[in-house]
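Listed below, chain by chain, are the residues.
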Amino acid sequence: MYVCVLCVCVCVINISLATGVVPDCFKSAVVRPLIKKPGLDVNELKNYRPVSNLPFLSKLLERIILEQLSAHLSRNSLMPVYQSAYRPHHSTETALLRITTDLLNATDSGLVSALVLLDLSAAFDTIDHQLLVDRLSSTFGIHDTALSWFRNYLQNRSQTVTTDSFSSQPVPVRFGVPQGSVLFTLYTQPLSLVIERHGLNYNSFADDTQLQNSAKPEDVDDLLGSISSCFTDIKNWMTENKLKLNSEKTEALLVGTRQKIASLTVTDLQLDDATVPFSPAVKNLGVFLDSTLSMQTHISSIIKTCFFHLRRIASIRRYLTHDACVKLVVSLIFSRLDYCNSLLAGLPASSIHGLQRVQNAAARLTLRKTKRDHITPLLRSLHWLPVNTRISYKLSTLVYKCLNDSAPEYLQSSLDLYTQPSDRPLRSAADPLRLHIPRSKLASAGQRAFPSAGPSVWNSLLLELRQSPSLDAFKSRLKTQFFP
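Residues numbered from 1 in each chain as written. Predicted model: local features only at pLDDT ≥ 70, side-chain atom pairs only at ≥ 80, totals over all residues. Heavy atoms only, no water.

1. Comments concerning the overall build of the protein chain
Step number 1: Each helix and strand counted, the protein chain has 17 helices and 15 strands in total.
Step number 2: Over its C-alpha trace the protein chain gives a radius of gyration of 26 Å, about what one expects of a compact globule, namely 23 Å for 484 residues.
Step number 3: When its C-alpha atoms are laid out on the principal axes, the protein chain stretches across 65 × 60 × 50 Å.
Step number 4: Taken over 484 residues, the protein chain has a buried fraction of 44%.
Step number 5: For the protein chain, long-range pairs separated by at least 24 residues make up 68% of all intrachain contacts whose partners lie at least 6 apart in sequence.
Step number 6: Within the structure as shown, the protein chain displays about 25,600 Å² of accessible surface, and the carbon and sulfur contribution to it stands at 55%. (Helix = DSSP H or I, 4+ residues; strand = E, 2+ residues; numbered from the N terminus. Rg over C-alpha atoms; globule rule 2.2 N^0.38 Å. Buried < 20%, exposed > 50% of the residue type's maximum accessible area, 1.4 Å probe, protein only. Contact = heavy atoms within 4.5 Å. Areas by Shrake-Rupley, 256 points an atom, 1.4 Å probe, with all protein chains shown as cover.)

Given below as structure tokens:
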């Protein structure tokens, strides 16, 4: 029976791909409103997030189309370089690494940077279907049956709102694409050209777009003027393409050394008809960035959230088995400790100490130990690397991916292999994968950027490997280094 059902599913999908027709039942969504955060007023409609659910086969068909479309876009280099959503080897962490690298390098050069986080209202819900089809054909080279499939996929869509046991009548959906669809990034592809005309750097992750540029402190007014001008053109482009840029929710941040920031007199940024004050810290893709990139706001947020969850786990610890407790801690605590932890590279030990306290508390809770018990044996028994080592591991993994073409182009291009001096041989010639570490002025800025922090960790691993007579000896040296 299951084999027959699977065969029917395969046949339906193959027929859809061959004919360019999507069954109407695949295009009927059920929308369930979910409260955004606990404690919000349930009578306010704006406090709900509409979650649209499509049939399983529809999502399976979308996944197949996504793989074929992604292969076409990658093969022909049609995706914007700095768009990190819905692409293999790209993530929020790689996007944030690129942003912080630019900001740290600018700070190291004595410049002040402005970072503007654009906010779109209902970005996926206002896309014009005809404009999207035209763009797929003219910009991305999609024609014939493939274009017919996308046109049919966007037609005759409907949705029903369901809450508790009540359901509304189906209503047609004439605009928009499913949440999380790669079609949104294709629809907004010309936006990168608008930004580049103003000479600004940008990064995008789906509908989250950040503008960034740097200047000397005395030229900050000109910098903010160029950002304001770019913002006006972006808003005009979005209006023409039926997207809404929300000026009121747009955030701005000035980044530099503490002394450079204190010397500035500007307090806000004029964006079209809105005045955006500079914030002491902004939340970007789940990470808090502050004006000196000290990451203290982000670390404090992680510590507060993790201890909240540890207290909840502690209240039920006596009912949990060891394995169940480990799974809870890994899912609720380590998911936060490890998220984008490569951005914490190079921070002083005093900044990392709070995160290590979280891990120590988690280990003692899991093993039912007290504060008097030494922590290193506990971490070893659980096979948990300390926080600093987890950061180094993440960096070395990212460097390895860069060297094997499994990382975004914007990260790969930031690394260079070390070039030997022609006038004298060095022992480092034995490491053909040794990376060049660019010179920097500030340990708190340039040395923390990925092109410096990544190769530093990578070269130290190569040195350990070269000094070890065997792989077992190498592992032993690393274990001693990680657990002194």
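Let us keep going from here.
2. Some words on the side chain of Gln356
Step number 1: Within the secondary structure, Gln356 sits in helix 12 (residues 349-367).
Step number 2: Engagement of the side chain of Gln356 in a polar contact is seen with the backbone nitrogen of Val387, the distance being 2.9 Å.
Step number 3: Setting aside its immediate chain neighbours within four residues, Gln356 contacts Leu379, Pro386 and Val387. (Polar contact = N/O pair within 3.5 Å; in protein donor to acceptor, adjacent residues only side chain to side chain.)

3. Structural notes on the pattern of salt bridges
Step number 1: Inspection of the entire model under this criterion finds six salt bridges.
Step number 2: The shortest N-O distance in the salt bridge between Asp102 and Arg98 comes to 3.3 Å. In this pair, Asp102 and Arg98 are both assigned in helix 3 (residues 92-108), four residues apart and thus about one turn of the helix distant.
Step number 3: Between Asp338 and Arg390 there is a salt bridge, with its nearest N and O atoms 2.8 Å apart. With Asp338 in helix 11 (residues 322-338) and Arg390 in helix 14 (residues 387-403), this residue pair connects regions lying 52 residues apart in the sequence. (Salt bridge = Lys/Arg side-chain N within 4 Å of Asp/Glu carboxyl O.)

4. Digging into the pairing of strand 5 (residues 157-163)
Within a regular strand, side chains alternate between the sheet's two faces.
Step number 1: As defined by bridge partners, strand 1 (residues 28-35) adjoins strand 5 across four bridges and the pair is classed as parallel. Each residue of the ladder has a partner; that of Val30, found in strand 5, is Thr160.
Step number 2: Where strand 5 meets strand 7 (residues 171-173), three bridges bridge the pair, whose relative direction is antiparallel. By the bridge assignment for strand 7, Ser158 is matched with Pro172.
Step number 3: Here strand 5 runs beside strand 6 (residues 166-167); their pairing, made up of two bridges, is antiparallel. The residue bridging Thr162 from the neighbouring strand is Ser167, located in strand 6.
Step number 4: The hairpin turn running from strand 5 into strand 6, its antiparallel successor, is two residues long, and Asp164 in that turn takes a positive phi close to 55°. (Pairing = 2+ DSSP bridges.)

5. Here's the deal with empty space enclosed by the protein
Step number 1: Scanning all chains against the criterion turns up four cavities of 30 Å³ or more.
Step number 2: The calculated volume of the largest cavity comes to roughly 140 Å³.
Step number 3: Lining the largest cavity we find 16 residues, and of these Gln83, Thr188, Leu191, Ser204 and Thr209 sit closest to its centre.
Step number 4: Going through the elements one at a time, helix 6 (183-187), helix 7 (191-197) and strand 8 (201-205) are the ones with two or more residues in the lining of the largest cavity.
Step number 5: Counting residues per element, the lining of the largest cavity draws most heavily on helix 7, which supplies three residues.
Step number 6: The residue makeup of the lining of the largest cavity, split by class, is eight nonpolar, seven polar and one charged. (1 Å grid on protein atoms, 1.4 Å probe; cavity = no way out; pocket = protein on both sides within 12 Å on 5 of 7 lines; lining within 4 Å. Points joined across faces, edges and corners; volume = space filled by probe spheres on them. Nonpolar A, V, L, I, M, F, W, Y, C, P; charged D, E, K, R; others polar.)

6. What to know about the UniProt feature "domain: Reverse transcriptase" (unreviewed entry) in the protein chain
Step number 1: With numbering aligned to this structure, UniProt lists the feature "domain: Reverse transcriptase" (unreviewed entry) at residues 15-289.
Step number 2: Overall, residues 15-289 shows 37% helix and 25% strand. The separation of its end C-alpha atoms is 49 Å. (UniProt positions renumbered as here; feature names shortened; annotations may be inferred.)

7. Quick word on the side chain of His90
Step number 1: Relative to the elements of secondary structure, His90 occurs in the loop between helix 2 (56-75) and helix 3.
Step number 2: A polar side-chain atom of His90 sits 2.8 Å from the main-chain carbonyl oxygen of Pro88.
Step number 3: In this view, His90 contacts Gln83, Ser84, Pro408 and Tyr410; residues no more than four positions away in its chain are not counted.

8. Considering the sheet that holds strand 9 (residues 208-215)
Sheet strands associate in pairs through backbone hydrogen bonding, adopting either a parallel or an antiparallel arrangement.
Step number 1: Reading across from one edge, 8-9-3-11 is the order of the four strands in this open sheet, with antiparallel pairing throughout. Every interior strand has two partners, whereas the edge strands, strand 8 and strand 11 (251-255), have only one. Strand after strand, the sheet turns through a mean of 15° between neighbouring axes, direction not considered.
Step number 2: Of the strand pairs in this sheet, strand 8 and strand 9 are connected by five bridges, and their pairing is antiparallel. Opposite Asn203, over in strand 9, you have Gln210 as the bridge partner.
Step number 3: Packed onto the sheet, helix 3 meets strand 3 (112-118), strand 8, strand 9 and strand 11 and runs at close to 160° relative to strand 8.
Step number 4: Packing of helix 8 (residues 220-240) onto the sheet brings it into contact with strand 3 and strand 9, and relative to strand 3 it is tilted by some 20°. (Axes fitted to C-alpha atoms, helices over the stretch in contact; angles between N-to-C directions.)

9. Some remarks on helix 16 (residues 450-467)
Owing to its 3.6 residues per turn, the α-helix aligns residues three or four sequence positions apart on the same side.
Step number 1: Counted at 1.5 Å a residue, the expected span for helix 16 with its 18 residues is 26 Å, and the 26 Å between its end C-alpha atoms agrees.
Step number 2: Restricting attention to buried positions, one finds in helix 16 the residues Phe450, Pro451, Ser452, Ala453, Gly454, Pro455, Val457, Trp458, Asn459, Leu462 and Glu464. (Expected span 1.5 Å × (residues − 1).)

10. Some words on unusual backbone geometry
Step number 1: With phi around 55°, Leu293 is a residue other than glycine that occupies positive phi space.
Step number 2: Structurally, Leu293 can be placed in the loop between strand 15 (287-290) and helix 10 (296-315).
Step number 3: You will see that Met295, though not glycine, has its phi angle at about 65°, which is positive.

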